[in-house]
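Coordinate analysis (summary)
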Amino acid sequence: MTTLSDPPKGGFRLSMLINDTRYRSYTFQFIALVALIAAFGYLASNLIANLQAAGLNISYKFLGEPAGYDINQRLIEYSSQSTHLRAATVGILNTLLVAVVACFFATIIGVLVGVLRLSNNWLVSKLMSFYVEIFRNVPVLIWILIIMAVFVAVLPQPREFRGDDATASMLFDMFAFTGRGFYFPRPHFTAEWASGSTGWLIIIALLIASFFGSRAVAKSASAVQEATGDRPTTIYKTLAIWFVPLIVACFIMGLSWELPELKGFNFKGGIYARNSFIALTFALSIYTAAFIAENVRAGILAISKGQTEAAASLGLRPGRIMNLVVLPQALRVIIPPLISQYLNITKNSSLAIAVGYMDVTGTLGGITLNQTGRAIETVLLLMLFYLVISLSISAVMNVYNNSVKLKER
């Protein structure tokens, strides 16, 4: 006698696309995708037809024409005779510079404020609450203008550093903070074979190799801990992997520093960061840090109090409990809204034109648009740039979030 544990499966039929719950969702998604493509196709064809009726056409030949304007802050070589494409590239790099630096400082400040908001010290907790409330409830544009005005009004001008009776002085004879901007020592390599970008490419390669080397040391230590129960000390090996190759490479390539000096009416030499860049980055950092602080606080409160009590019963101090027990688990809650805050920083950087900082909105979407009259082309390029940046940030943070979840499993 033969029994069947499962009934025989029938063949696939078209009616299953609607009646079978296994396929119905895919059917509706496909229909929605086709409808969306058709809608975009209709809008694109309508746009092209209207442009042709008006005697216009979409063309990006203007990107190869001379820009004819200067850009005060730039990371690559540029002159007024460079093309509009070069000007747009300079603006893109300026936008990415502000976004990366602001995201870095906003994360540090936000995590610190979020943790301190939960402090048992009443004064510290209330001060952090005041910081969060005052920065979250005032528009970021207002903070940009306020900080820019403070920099111009409070910081000394370069002329105040001149003479025996100077009212201002450089910090350690290396740093100058003025109303026009900040000046820092500029590192460079004296060896001919390491001049230009070659030396910095070597430094980047060493940093990447050190990262993987330190990961290998940590993985080896984890394997020993799994086998013996004791984790070997890795701090010295990790520090050696990070710093010894860098020190040796800098010595061989002849690392030197170019210090800023007051010459004429302004400082010369070193790294010059305009006051517009400093004000914009600082404003975006402290404004977004208030939102990140709330995300961090919510993530910490989402962790069961029993986790903290169990760690305390093992003799761990509060700082170690926060670093080793609470924050790693809270990352699952913190990271998703953190992505939105990074995206907000990138998009809010378009307010740079308010303080004269030339980002991609000021170059491609500002002067280039006004000079060429190609509004549709420049706006489409701007939309594409911000879309690519947003998707890239989301993809990177989602990969990190998934890796955190896998480690917890």
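Residues numbered from 1 in each chain as written. Predicted model: local features only at pLDDT ≥ 70, side-chain atom pairs only at ≥ 80, totals over all residues. Heavy atoms only, no water.

Here's the deal with the packing of helix 5 (residues 140–154) against helix 8 (residues 275–301)
Relative orientation of the contacting elements helix 5 and helix 8 amounts to 135°, with a least axis distance of 9 Å. The orientation of helix 5 relative to helix 8 falls into the category oblique. The chirality of how helix 5 crosses helix 8 is right-handed. On the side of helix 5, the interface is formed by Val140, Trp143, Ile144, Ile147, Met148, Phe151 and Val152, while helix 8 contributes Asn275, Ser276, Ile278, Ala279, Leu280, Phe282, Ala283, Leu284, Ile286 and Tyr287. Of the residues that constitute the contact of helix 5 with helix 8, the class distribution is 15 nonpolar, 2 polar and no charged. (Axes fitted to C-alpha atoms, helices over the stretch in contact; angles between N-to-C directions. Helix = DSSP H or I, 4+ residues; strand = E, 2+ residues; numbered from the N terminus. Parallel < 35°, antiparallel > 145°, perpendicular 65-115°, else oblique. Left-handed = near helix turned anticlockwise from the far one by under 90°. Contact = heavy atoms within 4.5 Å. Nonpolar A, V, L, I, M, F, W, Y, C, P; charged D, E, K, R; others polar.)

Focus: the sheet that holds strand 7 (residues 271–274)
The 3 strands lie next to each other as 1-2-7, forming an open sheet whose pairing is antiparallel. Of all strands in the sheet, those with a lone pairing partner are strand 1 (176–178) and strand 7, marking the two edges. Each adjacent strand pair in this sheet contributes to an overall mean axis angle of 10°, direction not counted. Here strand 2 (residues 181–184) pairs with strand 7 via 4 bridges, running antiparallel. Counterpart to Phe182 in the pairing with strand 7 is Ala273. Sheet strands touched by helix 8: strand 2 and strand 7. Its angle to strand 7, the strand with the most contacts, is close to 65°. (Pairing = 2+ DSSP bridges.)

What about the nonpolar core?
By size, the foremost hydrophobic cluster in this structure holds 57 residues, and its most contacted members are Tyr131, Leu280, Tyr357 and Met397. Mapped by element, the contributors of at least two residues to this core are helix 3 (84–116), helix 4 (122–136), helix 5, helix 8, helix 10 (318–348), helix 11 (360–372) and helix 12 (375–408). Beyond its immediate stretch of four places on either side in the chain, Tyr357 contacts Gln73, Asn94, Leu97, Val98, Ser276, Phe277, Leu280 and Ala352. (Core = buried A, V, L, I, M, F, W, Y, C linked by side-chain atoms within 4.5 Å. Buried < 20%, exposed > 50% of the residue type's maximum accessible area, 1.4 Å probe, protein only.)

Remarks on the packing of aromatic side chains
All told, the structure shown has 17 aromatic pairs when counted by the stated rule. Ring plane angle 55° and centroid distance 5.8 Å describe the contact between Phe151 and Phe182, whose orientation is recorded as tilted. Taken together, the positions of Phe151 in helix 5 and Phe182 in strand 2 put the pair 31 residues apart, joining distant regions of the chain. Summarising the burial analysis for this pair, Phe151 and Phe182 share the class buried. (Phe/Tyr/Trp six-rings, centres within 6.5 Å; stacked < 30°, edge-to-face > 60°.)

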